Amino acid sequence: MYQTRMEDCQKQSSDLLSLCKRISFWRLIFATAAVILFCFGYSNHFSGYYAAGALAALCFFLLVRYHLRLKAKLSDLANYESVIRDSLARLDDGWKQFSIDGSRYLNDKTIPASDLDILGNQSLYQYLCTAGTVFGQDQLAHLLTRPDLDIQKIRSRQQAVKELAQKTEFTLRYQAAARALRQTAYDVSKKNLDAFFQALTQNVSSSPLKRTVIYLFPVLTLTFLGCCLCGIYKEQTLVCFLTAAMIQLSAALLGNWKNNRLLAPVYKMNQTITPYRRLIELLTQETFDSPYLLQLQQTLFQTRENEAPNHPANLSARISEADRQTDRTAVLALHAFQELEAIAGNVVLRHNVYASLLLNSLFCYDFHCVERYRKWKETYHDSLKLWLDTVGTIEALISLGVIAYTRQTYTLPQITDSSQPVLNAACLKHPLIKESEAIGNDFPLTHQTCILTGSNMSGKTTFMRSIGVNLALAYAGGFCTASALSVSLMEICTSMRTADDVSQGISSFYAELLRIKKIMEVSRRQLPMIALIDEIYKGTNSKDRILAARETIKNLAKPYVLTILTTHDLQLCELEQESAIDAVNYYFTETYHQNEIVFDYQIRPGICTTSNAQYLLHMAGIL
């Protein structure tokens, strides 16, 4: 699918590039012809040459506009090709080179995201993220790390993700439209957006007298100019024209600092407005069926009869294609961004010195830019943030559907409404391991303690991360890498990657203690949770480790807690026999073939009876 699209895209780009070269050639011909004809007309005093020269100049300008449109199409095709290339990279390990990996969202509140490789280098976020806007990137990080654990909201997101996954062409074009925004660094985009939103809250003074003056002066100036050119009181009207022009230009120079300050946020946003407008245009022109997508789409349309965009009655009262074509004001967000795009173009033009001098001396140009921007702010400032959040939410939902394009085995998990933790997986795989190499495991578990044993590198930690990362996908509303998955709502707690902190005087063992202490604190809320603990208390001696692990397991053995932990201490497996603790044992193992160690990465019920430490030491040359 992607390869075919890539070939079609490259062919279109090649054809457009050839056409651009031909247009460039004819532009040169017509420009040269216009100059020559005007010269002949001047030397021969023959108006026919002027007419022909004017026609050649008109053809030149039309070709310039056509050439600009062709270049815009080439840019769109390049972005589309870039999106397809990224999609192909996800079929292999090429996604590990993606620049957007979500590292900026890592903090003390996202410990599970770090432990489970949800955020950071070579993470789930890096694999999934197709977003180009800062809103889409933020929204995806939020859904993967701090989703709203409301079963109805999760199911609504699932329906939306499933529908978007079936709209391949729409999602590819949506990603391509946002691709230009990736050229600006996240921090720069965020700063410019914050400045723009801040500017929207500031009032711009305007009075009827001021508005009358900025409309009256250009009319007077152009009237004096017209009279002068027509020979009507030529000397007097010339003086009046020059005086009026100088007054306008002086006013512009005196107000330059203030006008620059008012229009600076628009100027900094000028390169990002067009991509946002295209995203809104694509979103408003698409037809959706799922209620959540319809609700998001309706935030971009003008509400009717003063109904709120998320009113349930509005979900069925969708705007028809005829409305979209004949009544463009119905698409309020699109109209707003088209207007803002035009304002930004005007603001950019005023930064050209020659254009600024001419336009300000004839039309009070700067003041008209400010006045137009003021009217736009008054009309749309309350809705802008909602619209951009909508655009970003669609990007996040598209990202959550990526697995449907890159995997043969995937599923939308069933979210069960259970007061006790439930985890029932069939052929569960890790989404960041190539599907050809990933091993699927069946794993049913309910409000129990699972003690995982196994030799080194047998797959214990990877299996535990497979559970955690698929739970994150499930709660976000995305596809999971399993043939079937049924889970209840649980808070995810982890203790996997713990490290010492010399500056704080914290050893690795004490760091793990602090992590498990947090897990215990969460368990005291008596709400459903899952605890994933890797190599419990590995930083201390075996006697203390076993004692501490036993007590920890006993404290977590609650009907609302599902605990999965890995250990090399087989004594902990004896907890399965204690009636006070509902514990089960599972293990991973390996075999040896022709002096080579072979792992099958299959989980089995029971206790591991093999060890490969001495073999690995021998392979390393230590023994």
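Every residue gets a number counted from 1 within its own chain, in the order that chain's sequence is written. Given that the model is predicted, a residue must reach a pLDDT of at least 70 before its local features are reported, and side-chain atom pairs must reach 80 or more before they are shown or counted; all residues, however, enter totals for whole chains, interfaces and linings. Only hydrogens and water are removed before side-chain values are computed, so all heavy atoms of the structure are retained for them.

A.B. asks: Would you mind going over the sheet that holds strand β8 (residues 561–566) with me for this structure?
C.D. replies: Across a sheet, paired strands are connected by hydrogen bonds in the backbone, their directions being either parallel or antiparallel. Across the sheet, 6 strands lie side by side as β6-β7-β8-β4-β9-β12; this open sheet has mixed pairing. Looking at the sheet topology across the chains shown, the edges are occupied by β6 (491–495) and β12 (604–605). As judged from the 4 bridges shared by strand β4 (residues 449–454) and β8, these two strands associate in the parallel manner. Within the sheet, the bridge partner assigned to Leu452 lies in β8 and is Thr566. Strand pairing is defined by DSSP finding a minimum of two bridges between the two strands. A run of H or I in DSSP counts as a helix once it spans at least four residues, and a run of E counts as a strand once it spans at least two, with each numbered from the N terminus.

A.B. asks: What is the right way to read the packing of aromatic side chains from this model?
C.D. replies: Two aromatic rings, taken as a pair, are described by how far apart their centres are and by the angle between their planes. Only rings of Phe, Tyr and Trp enter the pairing, Trp through its six-membered ring, and a pair is recorded when the two centres are within 6.5 Å. The plane angle decides the type: under 30 degrees is stacked, over 60 is edge-to-face, the rest tilted. If you walk through the whole model with that rule in mind, you get 22 aromatic pairs. Ring centres 6.2 Å apart and planes at 40° place the aromatic pair Trp26 and Phe30 in the tilted group. With a gap of 4 residues between them, Trp26 and Phe30 both fall in helix α1 (residues 2–44), about one helical turn apart. Taken together, a centroid distance of 6.4 Å and an interplanar angle of 80° make the contact between Phe135 and Phe197 edge-to-face. One end of the pair, Phe135, is in helix α5 (residues 134–145); the other, Phe197, is in helix α8 (residues 186–200), with 62 residues separating them in the sequence. Members of the aromatic cluster, connected to one another through ring pairs, are Phe135, Phe197, Tyr276 and Phe337. Taking the ring centre of Tyr186 as reference, the NZ or CZ of Arg104 above it sits at 3.8 Å. Directly above the aromatic system of Tyr80 lies the positively charged group of Arg173, at a separation of 5.1 Å from the ring centroid. A positively charged side chain is recorded as over a ring if its NZ (Lys) or CZ (Arg) lies within 6 Å of the ring centre. The angle to the ring normal must also be within 35 degrees.

A.B. asks: Before we go on, may I ask you to explain the sheet that holds strand β3 (residues 441–446) in this structure?
C.D. replies: Taken in spatial order, the 4 strands line up as β1-β5-β2-β3 in an open sheet, and their pairing is mixed. With partners counted over all chains shown, the strands left at the sheet margins are β1 (414–416) and β3, one partner each. Here the strands of the sheet are splayed against their neighbours by 15° on average, with no regard to which way each runs. Judged from the 5 bridges that link them, strand β2 (residues 422–428) and β3 form a sheet pairing that is antiparallel. By the bridge assignment, Asn424 is partnered in β3 with Pro444. In this description, a line fitted to the C-alpha atoms serves as the axis of each element, helices being fitted only across the stretch in contact, and the angle between N-to-C directions of two axes falls anywhere from 0 to 180 degrees.

A.B. asks: Got a minute to help me understand the pairing of strand β5 (residues 484–488) in this structure?
C.D. replies: Across a regular strand the side chains alternate sides, sitting on one face of the sheet and then on the other. Counting buried residues along β5, 4 of its 5 residues qualify, which places the element largely inside the surrounding structure. Relative to β5, β1 is paired through 3 bridges, and the arrangement is parallel. Pairing of Thr416 across the sheet is with Ser488, part of β5. By the bridge criterion, 4 bridges tie β2 to β5 in an arrangement that is antiparallel. Opposite Leu423, over in β5, you have Val487 as the bridge partner. Only protein chains enter the calculation, and the probe is 1.4 Å; a residue is then buried if its accessible area is under 20% of its type maximum, exposed if over 50%, and partly exposed in between.

A.B. asks: Hey, could you run me through the packing of α1 against helix α2 (residues 47–89) in this one?
C.D. replies: In helix packing, the relevant descriptors are the interaxial angle and the interaxial distance, both defined with respect to the helix axes. Interhelical geometry of α1 versus α2 gives an angle of 160° and a closest axis separation of 7 Å. By the angle between their axes, α1 is roughly antiparallel relative to α2. Taken as a pair, α1 and α2 cross one another with a handedness that is left-handed. Charged residues are taken to be Asp, Glu, Lys and Arg, nonpolar residues to be Ala, Val, Leu, Ile, Met, Phe, Trp, Tyr, Cys and Pro, and polar residues to be all remaining types, Gly included. For the contact of α1 with α2, the per-class residue count stands at 34 nonpolar, 10 polar and 5 charged. For this classification, under 35 degrees means roughly parallel, over 145 means roughly antiparallel, 65 to 115 means roughly perpendicular, and everything else is oblique. In this scheme, a crossing is called left-handed if the near helix is turned counterclockwise away from the far one by less than a right angle; it is called right-handed if the turn is clockwise.

A.B. asks: Just checking my understanding: could you explain the side chain of Lys377 for this structure?
C.D. replies: Turning to its location among the elements, Lys377 is positioned in helix α17 (residues 365–380). Charge counting follows a simple rule: Lys and Arg are positive, Asp and Glu are negative, and His as well as the terminal groups are ignored. For this analysis, a salt bridge means a side-chain nitrogen from Lys or Arg found within 4 Å of a carboxyl oxygen belonging to Asp or Glu. Despite its burial, Lys377 pairs with no opposite charge, the nearest such side chain being Glu378 at 8.6 Å. Whenever two N or O atoms come within 3.5 Å, that pair is a polar contact, provided that in protein one can donate a hydrogen and the other can accept it, and provided that, for residues adjacent in sequence, both atoms are side-chain atoms. Within the structure, Lys377 has its side chain in polar contact with the backbone oxygen of Gln202 (distance 2.7 Å). Apart from the residues lying within four places of it in its own chain, the contact partners of Lys377 are Ala199, Leu200, Gln202 and Val204. Here a residue-residue contact requires only that any non-hydrogen atoms of the pair lie within 4.5 Å.

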